[in-house]
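Summary of the model geometry
Residues per chain, in single letters:
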Amino acid sequence: MSAIIKIKPLGFPWETSDPFLFCAYHEDQYPKGNLDLGPAASLEGRNIGQDFTLKDGWRMYHGTKVPGFPAHPHRGFETVTVVQKGLVDHSDSLGAAGRFGNGDVQWMTAGKGVQHSEMFPLLNAEKENPFLLFQIWLNLPRDKKMVAPHFKMLWNEEIPKVTLTDKDTNTIEIILIAGKLNNKTAPDPAPDSWAANPDNEVAIWTIKMGPNAIYMFPKASEGINRSLYFFKGNEITSEGYTIPVNHEIVLAANQEFKIKNGDTEAHMLMLQGRPINETVIKNGPFVMNSQIEIREAIQEYQQTEFGGWPWPSHDHVHDKSKGRFALYPDGKEIKM
């Protein structure tokens, strides 16, 4: 029986299956940074505030001086932010903050409501600032929609990396953001996450395959959704298909699935999990189970701003001198 259910081109954002809501993939070749930690380049010709067109290899997104996403609210789901290159400055309505990147992951449970900003400071003034980020939206089940907001850091140094070789000694490297492989297990996710229950078999892996490498994916249980996103490389082959880059492969997770890479290093993201199987009603930054709950979320945000905004600006960035760190709402600070 074939493991491949469907092959489809990647759009923006990437489509996902329950329990995931979508995945946003951002790759930008930012220039040198200026004194404000923004690009040392002209912003002329850009739709500042809504700059999503790739011009000169990079975008400002919703930022006006520094690229990124100034303060905005969320309720009812989680964001898993995987930063492979570059840095993100986090600030939120709970008073928490952080600077993370270059392999770090932030796992944030929005729960009953939080505002946060995600800015991309360009710290390098002497050379370019390459940037690569995935933000994965993972749904919360009905009984967890209104839990207290929470964020935790999965630091690069703590995330397991599994390095394998095939019979021809070609290498495969798999980074375990969630889930387990062989004798290694990813760090614990946020405590109220759907991923916190191992029975849900949530897995978030990034996969790098050397040229001509072959890899057999382990089976998961029946009923588990699994998608593989092939976002960098040339082509891979499996089950008689030749699959070009920038395609999603929707898989039957309980079937064996073997892929062979082409002659160029390939990069993939795998998302897997047991579906929550509840009604999903989305309205921008809010994901609930009914239209009434969406209206309640909008009304509450208008009245309370989910605690307000304790930072000097909605596009707050931290001092250039700060390294990677996490400041939690209770005042505890971790420096890396």
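Below is a short write-up of the structure. (Residues numbered from 1 in each chain as written. Predicted model: local features only at pLDDT ≥ 70, side-chain atom pairs only at ≥ 80, totals over all residues. Heavy atoms only, no water.)

1. Side note on the sheet that holds strand β16 (residues 214–217)
Put simply, the rule reads: When DSSP finds at least two bridges between two strands, those strands are taken to pair. Numbering of helices and strands runs from the N terminus, with a helix taken as a DSSP run of H or I at least four residues long and a strand as a DSSP run of E at least two residues long. Helix axes are fitted to C-alpha atoms over the stretch in contact, other axes to C-alpha atoms as well, and angles between N-to-C directions run from 0 to 180 degrees.
Strand order in this open sheet of four strands is β16-β21-β18-β19, and the pairing throughout is antiparallel. At either margin of the open sheet sits one strand with a lone partner, and together these are β16 and β19 (241–244). Going across the sheet, the axis of each strand differs from the next one's by a mean of 25 degrees, ignoring polarity. In this structure, strand β18 (residues 235–238) lies alongside strand β21 (residues 257–261), joined through two bridges in antiparallel fashion. Directly across from Ile-236, in β21, lies its bridge partner Asn-261.

2. Quick word on the nonpolar core
Across soluble globular proteins, nonpolar side chains have a tendency to be buried as a group. For clarity, the threshold we go by: We call a set of buried Ala, Val, Leu, Ile, Met, Phe, Trp, Tyr and Cys residues a nonpolar core when their side-chain atoms join them within 4.5 Å. Relative accessibility thresholds used throughout: buried, under 20% of the residue-type maximum; exposed, over 50%; partly exposed, between the two (1.4 Å probe, protein chains only). The contact criterion used throughout is that any non-hydrogen atoms of two residues lie within 4.5 Å.
Ranked by internal contacts, the top residues of the largest apolar core, which has 28 residues, are Trp-14, Trp-107, Phe-134, Ile-136, Ile-204 and Leu-269. With four residues, the top contributor of residues to this core is strand β9 (residues 129–139). Among residues more than four places away in sequence, those in contact with Leu-269 are Trp-14, Cys-23, Phe-134, Ile-136, Ile-204, Trp-205, Thr-206, Ser-227, Leu-228, Tyr-229 and Phe-231. Membership of the second largest hydrophobic core comes to 26 residues, among which are Ile-4, Ile-174, Ala-186 and Phe-230.

3. Quick word on the side chain of Asp-92
As for its position among the elements, Asp-92 is in strand β5 (residues 87–92). Beyond its immediate sequence surroundings of up to four residues, Asp-92 is in contact with Val-114, Gln-115, His-116, Phe-151, Trp-309, Pro-310 and Trp-311.

4. Side note on unusual backbone geometry
Note that the residue after Phe-12, namely Pro-13, is joined by a cis bond; omega there is -5 degrees. Structurally, Pro-13 can be placed in the loop between β1 (4–9) and β2 (20–30). Residue Pro-19 is bonded to the preceding Asp-18 through a cis peptide linkage, with omega at 20 degrees. Structurally, Pro-19 can be placed in the loop between β1 and β2. Within the chain, Tyr-61 stands out as a residue other than glycine whose phi angle is a positive 55 degrees. Overall, the relative accessible area of 0% leaves Tyr-61 in the buried class.

5. Quick word on the pairing of strand β17 (residues 225–232)
Each regular strand shows side chains that alternate between the opposite faces of the sheet. Among the eight residues in β17, six count as buried, and that is most of the element. Alignment of β17 against strand β20 (residues 247–252), held across six bridges, turns out to be antiparallel. Its bridge partner lying in β20, Ser-227 is registered against Val-250. Here seven bridges tie β17 to strand β22 (residues 266–273), and the two strands are oriented antiparallel to one another. Bridge pairing links Tyr-229 to Leu-269 in β22.

So far we have only geometry, and geometry alone does not tell us how the molecule works.
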